[in-house]
Amino acid sequence: MGLKNQVLQALSTRLGPKNVLTRREDLIPYSFDGTAALKQLPGCVVFVRSPEEIADVLRLANQTKTAVVTRGSGTGLSGGSLPSRDCIVMCTVRMNRILEVDERNLTLLTEPGVTTLDISMAAERVGLFYPPDPGSMKISTIGGNVAENSGGLRGLKYGVTRNYVMGLEVVLPTGELMWLGNKCVKDVAGYSLKDLFVGSEGTLGVITKVLLRLIPLPGTKKTMVATFDEMDRAAEAVSAIIAAKIIPCTLEFLDRTTIQCVEDFAKIGLPLDCEALLLMETDGHRAVVAEEAKAMAKICRQQGCRELRVAKTVAEGVKLASARRSAFSALARMAPTTILEDATVPRSELATMIRFVDQIAKKYELRIGTFGHMGDGNLHPTFLTDERDQKEMHRVEEAFKEIFDEAIRLGGTITGEHGVGLAKKAFLPRFLGDTQIDVLRKLRKVLDPAGILNPGKMFD
Amino acid sequence: MLVELAKSRDGERPSYLKGLDYSVVQQCMHCGLCLPTCPTYDATQLERNSPRGRIALMRSIADGELTATETFADEMYFCLGCLACMTACPAGVNYAELFEQARAEAESARVLTSPWRRFIRMITLNWLFMDHARLQVLGRLMRLYQTTGLQGLIRRCGIMELMPGRLRDLESMIPEIQPNFSDELIAPRSLPKSGAARYRVALLTGCAQDLIFSDVNRDTLEVLQENGCEVITPANQPCCGSLHAHNGEWETAKVLARRQLDLLPPDQFDAIITNAAGCGSHLKHYASLLKDDPVYLARAEEWDGKVKDIHEWLVEIQFRQPEAKRPEVQLVTYHEACHLCHGQNITSQPRDILKAIPGCELTELPESNWCCGSAGIYNIVQPEMANDLLDRKLAHIESTRAHVVATGNPGCLLHIQNGVRKQGSDLRLAHPVTLLAEAYRREAHGE
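Residues numbered from 1 in each chain as written. Chains lettered and ligands numbered in written order. Predicted model: local features only at pLDDT ≥ 70, side-chain atom pairs only at ≥ 80, totals over all residues.

**Student:** Talk me through the sheet that holds strand S18 (residues 378-385) of chain A; I want residue IDs and the actual numbers.
**Tutor:** All names here are of chain A. Strand order in this open sheet of seven strands is S15-S12-S14-S13-S17-S18-S16, and the pairing throughout is antiparallel. For this open sheet the edge positions go to strand S15 (307-310) and strand S16 (337-340), each flanked by a neighbour on one side alone. Strand-to-strand twist in this sheet, taken as the mean axis angle between neighbours without regard to direction, amounts to 15 degrees. Two elements, strand S13 (residues 250-255) and strand S17 (residues 367-373), share three bridges in a ladder whose sense is antiparallel. Along S17, the bridge assignment pairs Phe-253 with Gly-372. Strands S17 and S18 of the sheet are contacted by helix H13 (residues 350-363), whose axis makes an angle of about 165 degrees with S17. (Pairing = 2+ DSSP bridges. Helix = DSSP H or I, 4+ residues; strand = E, 2+ residues; numbered from the N terminus. Axes fitted to C-alpha atoms, helices over the stretch in contact; angles between N-to-C directions. Contact = placed C-beta atoms within 7 Å.)

Structure below.
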């Protein structure tokens, strides 16, 4: 079938032929995002450079009932930016200017296509800090981060993307442009619509500008690695740290399989003979950092950690953290297909959940690598499988169903930071319940009456 | 010849990508971490010009969803083959192999049909680089052109101004040919400077390297002799096949690999030394090239283990630091050849060597491991992209205020040298081994 010629013509006239891709060889590289085993060829890919262009594309799409999928760098892990059939993929990577760093109000105004790393570096250059640090931060765009409400390693202490969004410029599916929020720390005028757009996964509008909150850059930080012979002990150590009223900025764990893959890639001397590894980072004032680090080290020793290594320099700490960030991709060394989940539970239930994941892997005879943000209960059990093996893929699905059920039973959620997209869509209605899903549907219908934005994602 | 390739759907043409172990294609989980390290993606921000985009195209061919089209082939040749994506890839995708197979696929599909291109490839890949004697004859002729004043005459008389811009650029890129080639500078067998030989090594003199940088080969020899190596350097060495493998001539690359193995049986040496990053990165993978060859496979495996880049080898045998009474202070910066840092994971060793040279102050080059645009013959076939990368590199070099740029690959040396010359700068380009050899010589002269 394909996109109608008249739509392609109109796009080409409005954006210039160079900014509209239709050749098969150009489209295939846009037929996926960072999610495993999902693939769909779009009708075309367009590059937009301004809110006005975006508005025009959306008006055209509305008139012609053409689906539009907004995309940044395509690193999402729930299929959120996976094209729908014959859709327009609207790519924002060329809107990549940081417009303002306001040191007096501690804010940063940016276009959506700027990478998370560039934002973080722009803030650091003036002694400020943008904390959210998703694993793909070197290439993920801020527009995508806001749309998915991305988390990261520092979520435990600093929260997630939502906590740093002060304002948004959004184009509605019907083509109107609106500003939400402002530089005021306090603002209670009307519903907080900006919060509706954070995490809306490209279903309600297209983000064209983001106003971010920055905070002072912590004076110093200390990174430590503790190894354990049993996963349980590591989980207990985490609970004990939280119970001791310490909120480190990072409290990550890797299991044996993940440690091996990460070490294989990063070669930073991680111990290969332990069952679990905790990566801990505390930041802030020198005195507080020293005290917290000491207390955490003590707790780890009390929980019988085998070895405790303190990064000697900040650079070594950064190396350890970036090695951890590569965990998911590094696991791909083990198997042709790696399917990652992010079931999340209240921190008190961590040990229970980790044991459950382990049992499930045994029950379904699956290989699994688990890592995640232990400090905030956000686990990333990753199944190492092969998408061509349909029987095993079916077992993976069954295993995930059980994991989600258990997460919900423990008071957790089906996704902590990756979003619903296509990957969790089937689980959302049960998790939210009829009333909530109904409200979501009505909301979406009001903003996107023709249903053109990211159709088929999150819920129907 | 033992060639086991999957047949494509038309049943005639062998398909390299379909014949590939599918897990190699499947290894890419398209996480996107390669994107910021890819110079072509950085330039265009088009997924097609990125590693994961190219792998997606290769996979589509392997899956039978796409045939090797002209656009596909163009894309595979737009890739620099710098392998920065391999350093960035946590999943360990073997992009080098995929990329070579994809170019082979493009060649066997014969979708790039320009007669001029075919002619050039035939002359160079299938004739010139198949016999080193031919290359040397060409070298002599070029040397004559340069030394008889003909080059100067042609450049002055304005005839070049009448030529199309491309040809003019190409003429200006002709490197200066050395008066003596390696076999005139290096004996087939050389003993250590002093004492008994601790190691017996073979020295590979390269193709272009032999004509343009035979002095670097001699420097390499001297440095090896200074460090207790007996060095075997056969005259008239065959091309290692790197050029062919990188340019889709997979079968020819196999032929050349076997020749190399016959000439220098690895069991007779402690190490086989190369000083050209691009060659080294290929030379270490003969086993995967010859994996279906029962006669040569075992020898290829031994070979792969013994091939050492000169920097790697010197650090491994704990090379001797030269002494100096009056060290000559020079500010040196180091450009990492892609096929050293990304292709062979050699990053600290060249720096260790530079730091060991008395008077050498090493200053780090920003983006030192970002491709300079040379990339084999890329600067000839994709001049626009290559020049953009060169400009970026030159700007970084200028920011260091260094007097010397050291780099361990002939392609980079030439490409950056051309850029420096155009700028009218007196910056010196040198192989790290040359700087080390000079330091040993100064030491011997009691300086």
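**Student:** Tell me about the interface of chain A and chain B, and please be specific about residues and values.
**Tutor:** Between chain A and chain B, the contact holds 26 residues from the first and 25 residues from the second. At the level of elements, helix H2 (24-27) and helix H12 (327-331) of chain A are the ones that each hand at least two residues to the side of chain A that touches chain B. Considering each element in turn, the side of chain A that touches chain B owes the most residues, three residues, to H2(A). Here the residues of the side of chain A that touches chain B are counted per class, giving eleven nonpolar, eight polar and seven charged. (Nonpolar A, V, L, I, M, F, W, Y, C, P; charged D, E, K, R; others polar.)

**Student:** An account of the packing of helix H15 (residues 214-226) of chain B against helix H27 (residues 432-444) of chain B is requested, with residue identities and associated values reported.
**Tutor:** Residues and elements named next belong to chain B. Running from N to C, H15 and H27 point in directions that differ by 55 degrees, and their axes come no closer than 9 Å. With respect to each other, H15 and H27 are oriented oblique. Between H15 and H27 the crossing geometry is left-handed. Where H15 approaches H27, its residues Val-216, Asp-219, Thr-220, Glu-222, Val-223 and Glu-226 are matched on the opposing element by Val-433, Thr-434, Leu-436, Ala-437 and Tyr-440. Among the residues making up the contact of H15 with H27, the classes are represented as six nonpolar, two polar and three charged. (Parallel < 35°, antiparallel > 145°, perpendicular 65-115°, else oblique. Left-handed = near helix turned anticlockwise from the far one by under 90°.)

**Student:** Give a description of helix H14 (residues 390-409) of chain A that names residues and reports values.
**Tutor:** Residue and element names in this part refer to chain A. Here H14 is 20 residues long and its end C-alpha atoms lie 29 Å apart, about the 28 Å a rise of 1.5 Å per residue gives. Every buried residue of H14 is accounted for by Val-396, Ala-399, Phe-400, Ile-403, Phe-404 and Ala-407. The buried residues of H14 occupy an angular sector of 140 degrees when the element is viewed end-on, so they sit on one face. Counted as exposed and oriented over 90 degrees from the buried face of H14: Gln-390, Lys-391, His-394 and Arg-409. On its buried face, H14 sits against S16, H13 and S18. (Expected span 1.5 Å × (residues − 1). Buried ≥ 20, exposed ≤ 12 C-beta atoms within 10 Å, placed from the backbone. Arc of directions from axis to C-beta.)

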